[in-house]
Amino acid sequence: MSIQQKQTILVTGGCGYIGSHMCVELLSAGYDVVVLDNLSNSSAASIEAVQRITQKPLTFVQGDIRDANCLQAIFTNHDIQAVLHFAGLKAVGESTELPVKYYDNNMNGTLRLVEAMTTASCKTLVFSSSATVYGLPDKMPITEDADTGATNPYGRTKLMVEEVLKDLYTADPTWRISLLRYFNPVGAHATGEIGEDPNDIPNNLMPFIAQVAVGRRDKLSVYGDDYPTPDGTGVRDYIHVVDLVRGHMKALEFLQDEPKLAIHNLGTGNGYSVLEAVQAFERACGITIPYQITGRRPGDVAVSYADPTKAKEELGWEAQYNLDRMCEDAWRWQSQYPNGFNT
Ligand code: NAD
Ligand code: UD1
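Not measured: the values here are computed from a predicted model.

Here is what the cut-offs are and how they apply
- In this numbering scheme, every chain counts its residues from 1 along its sequence in written order.
- Lettering of chains starts at A and numbering of ligands starts at 1, both following the order in which they are written.
- Note on the predicted model: pLDDT of at least 70 is required for a residue's local features to be given, and 80 or more for side-chain atom pairs to be given and counted; whole-chain, interface and lining totals, by contrast, use all residues.
- Only hydrogens and water are set aside when side-chain values are computed; all heavy atoms of the structure are taken into account.
- Any pair of Phe, Tyr and Trp rings, taking the six-membered ring for Trp, is counted once the centres come within 6.5 Å. Such a pair is stacked with planes under 30 degrees apart, edge-to-face with planes over 60 apart, and tilted for the rest.
- Each helix is a run of H or I in the DSSP string that is no shorter than four residues. Each strand is a run of E no shorter than two, and both are numbered from the N terminus.
- Burial classification: accessible surface area is computed with a 1.4 Å probe over protein chains only, and a residue below 20% of its type maximum counts as buried, one above 50% as exposed, and the rest as partly exposed.
- Between Lys or Arg on one side and Asp or Glu on the other, a salt bridge is scored when a side-chain nitrogen of the former is within 4 Å of a carboxyl oxygen of the latter.
- Distances are taken per atom, and a residue is near a molecule or strand as soon as one of its heavy atoms is within 4 Å of it.
- Polar contacts, as counted here, are pairs of nitrogen or oxygen atoms within 3.5 Å of one another; within protein the pair requires one atom able to donate a hydrogen and one able to accept it, and residues that are adjacent in sequence qualify only if both atoms are side-chain atoms.
- Note on areas: Shrake-Rupley, 1.4 Å probe, and residue coverage restricted to the protein chains presented here.
- Amino acids outside the nonpolar list (Ala, Val, Leu, Ile, Met, Phe, Trp, Tyr, Cys, Pro) and the charged list (Asp, Glu, Lys, Arg) are all regarded as polar, and Gly is one of them.
- Only when DSSP finds a minimum of two bridges between them are two strands counted as paired.
- In this analysis an axis means a line fitted to C-alpha atoms, helices contributing only their contacting stretch, and an angle means the value between N-to-C directions, from 0 to 180 degrees.

Caption draft 1: Region of the structure containing the packing of aromatic side chains. For the structure on display, the rule yields four aromatic pairs. With a centroid separation of 6.1 Å and an interplanar angle of 80°, the aromatic rings of Phe281 and Trp331 are classed as edge-to-face. With Phe281 in helix H9 (residues 274-285) and Trp331 in helix H11 (residues 323-336), this residue pair connects regions lying 50 residues apart in the sequence. Look at Trp331 and you get buried, because its relative accessible area is 14%. Summarising the aromatic geometry, the rings of Trp333 and Tyr337 are spaced 5.3 Å apart at their centres and angled 35° between planes, so their arrangement reads as tilted. Members of the aromatic cluster, each reached through a chain of ring pairs, are Trp333, Tyr337 and Phe341.

Here it is in structure tokens:
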């Protein structure tokens, strides 16, 4: 076992969609894992499934990243070498209605976390940022040096946390910080034992399609077919969640060399339209997905896809799974657990 495989990693938000897949990857690679999650948008059943998949134990602390005492206890009781920081609220629509809730959770949560890390002299942090920080991008594919500018409170929390972490690194260049800008994470673990489990009506395309396929929703609303794209529907860079979390493993390795602050896109570099995504899902599940074209969703951009070159060159990472595989894995999870972790 190499030195890095013996490390203990704190995964904030580890019960959530991406965090739970991250835990599988970390445990499988031999890391010890401590999860901190307040279960505001998840269930502890996900980490039970993680332990079933990996046949390895992890430590779960139910608590809030804004709770300084809770953080202090974790850093006192465990020799944490790095933090993968997924905990956050992510619903764009809700963030416009409840902006203070979002700023409190995402901003204050991150501030408390880096304070606790500073006290514990743990200065390696990977942050879940988003392609949303590119706002209304003016050229495709999107490179990391593109202009930033968020269009909603959720996006602004991501951009502001990025700025806080840049300032932190400038003030103390012994930090090792990775800002990972995700494009559109979809899919599920190949076992179908963990996957995306939205609490309410899904905001995002793939979980909505999956719930139509499994009979929980009547039909999909396609938000606009008059975009300047080949079929008129919005184009996105869907990335398999397992590829995404493997990008985090590479980011952790990249931070081992020397202190730095690095920014990387995690996307495939391929854009697919809403209708192409529907067709891929139909191929995966063998069920026709009824849909109707409705008006555009406010705040949506026509096209968004990554230039993943920097992650390939610097992290040695590139996505492996195509859209069909993303849909097959999402369908395995959805069909095995039609009501998610409540099934
Ligand atoms: P998720 O909601 O499934 O997971 C987030 C987890 O954080 C949940 O388990 C929730 O209970 C927990 N959490 C929230 N606030 C907390 C707090 N104050 N203290 C402790 N735990 C808290 O979301 P996800 O899709 O897994 O996203 C993970 C991260 O990636 C988020 O920061 C999100 O903004 C970011 N991100 C997600 C996407 C996406 O499409 N899923 C895209 C870009 C960025
Ligand atoms: C959305 C958020 C983004 C966030 C990301 C991940 C908005 C404006 N953007 O991105 O900030 O980082 O989720 O959580 O909410 N679509 C439909 N019908 C649906 C749902 C979506 O047609 O029921 C279309 C959308 O118009 C878009 C595509 O499908 O063209 C993908 O949508 P979605 O999965 O919500 O992702 P983004 O809009 O890219």
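More follows now that the structure is in view.
Caption draft 2: Region of interest: the pattern of salt bridges. This model, assessed by the stated rule, comprises 18 salt bridges. Between Glu115 and Arg112 there is a salt bridge whose closest N-O contact spans 2.9 Å. Taken together, the positions of Glu115 and Arg112, both in helix H5 (residues 99-119) and three residues apart, correspond to about one turn of that helix. For Glu115, a relative accessible area of 43% puts it in the partly exposed group. The exposure class assigned to Arg112 is partly exposed, which follows from its relative accessible area of 24%. A salt bridge links Arg283 to Asp324; the nearest nitrogen and oxygen atoms lie 2.9 Å apart. With Arg283 in helix H9 and Asp324 in helix H11, the pair connects residues that are 41 residues apart, well separated along the chain.

Caption draft 3: Fine view of the site of ligand 1. Neighbouring ligand 1 are 27 residues, the closest being Ile18, Asp37, Asn41, Ser42 and Lys90. Between ligand 1 and Phe86, the relevant distance is 2.9 Å, taken from an oxygen atom to a main-chain nitrogen or oxygen of the residue. With the chains in place, 95% of the 820 Å² that ligand 1 exposes on its own is no longer accessible. If you list the elements that add at least two residues to the shell around ligand 1, you get helix H1 (17-28), strand E5 (124-130) and helix H6 (153-171). For the shell around ligand 1, a count of residues per class yields 10 nonpolar, 12 polar and five charged.

Caption draft 4: Region of the structure containing the sheet that holds strand E3 (residues 59-62). Within the open sheet, the seven strands sit side by side as E3-E2-E1-E4-E5-E6-E11. Their pairing is parallel. The open sheet has two free edges, formed respectively by E3 and strand E11 (260-266), since each of these has just one partner strand. Strand-to-strand, the axes of this sheet are offset by a mean angle of 15°, without reference to chain direction. Here strand E1 (residues 8-12) runs beside strand E4 (residues 80-85); their pairing, made up of five bridges, is parallel.

Caption draft 5: Spotlight on the site of ligand 2. Around ligand 2 there are 18 residues in total, and Asn204, Ser221, Arg236, Arg297 and Asp300 lie nearest to it. The contact in question runs from an oxygen atom of ligand 2 to an N or O atom on the side chain of Asn204, over 2.9 Å. In the environment of ligand 2, an oxygen atom lies 2.9 Å from a nitrogen or oxygen atom belonging to the backbone of Tyr223. Computed on the free molecule, ligand 2 has an accessible area of 750 Å², of which 89% lies beneath the protein chains in the complex. Across the shell around ligand 2, the residue classes break down as eight nonpolar, seven polar and three charged.

Caption draft 6: Up close: the side chain of Thr54. Here Thr54 shows up in helix H2 (residues 45-54). A polar side-chain atom of Thr54 sits 2.9 Å from the main-chain carbonyl oxygen of Val50.

Caption draft 7: Representation of the pairing of E11 in the model. For E11, a buried count of six out of seven residues is recorded, marking the element as mostly surrounded by other parts of the structure. Bridge count between strand E6 (residues 176-182) and E11: seven bridges; the pairing is parallel. When the sheet's bridge partners are listed, Tyr182 is paired in E11 with Leu266.

Shape descriptors only; they carry no functional weight alone.
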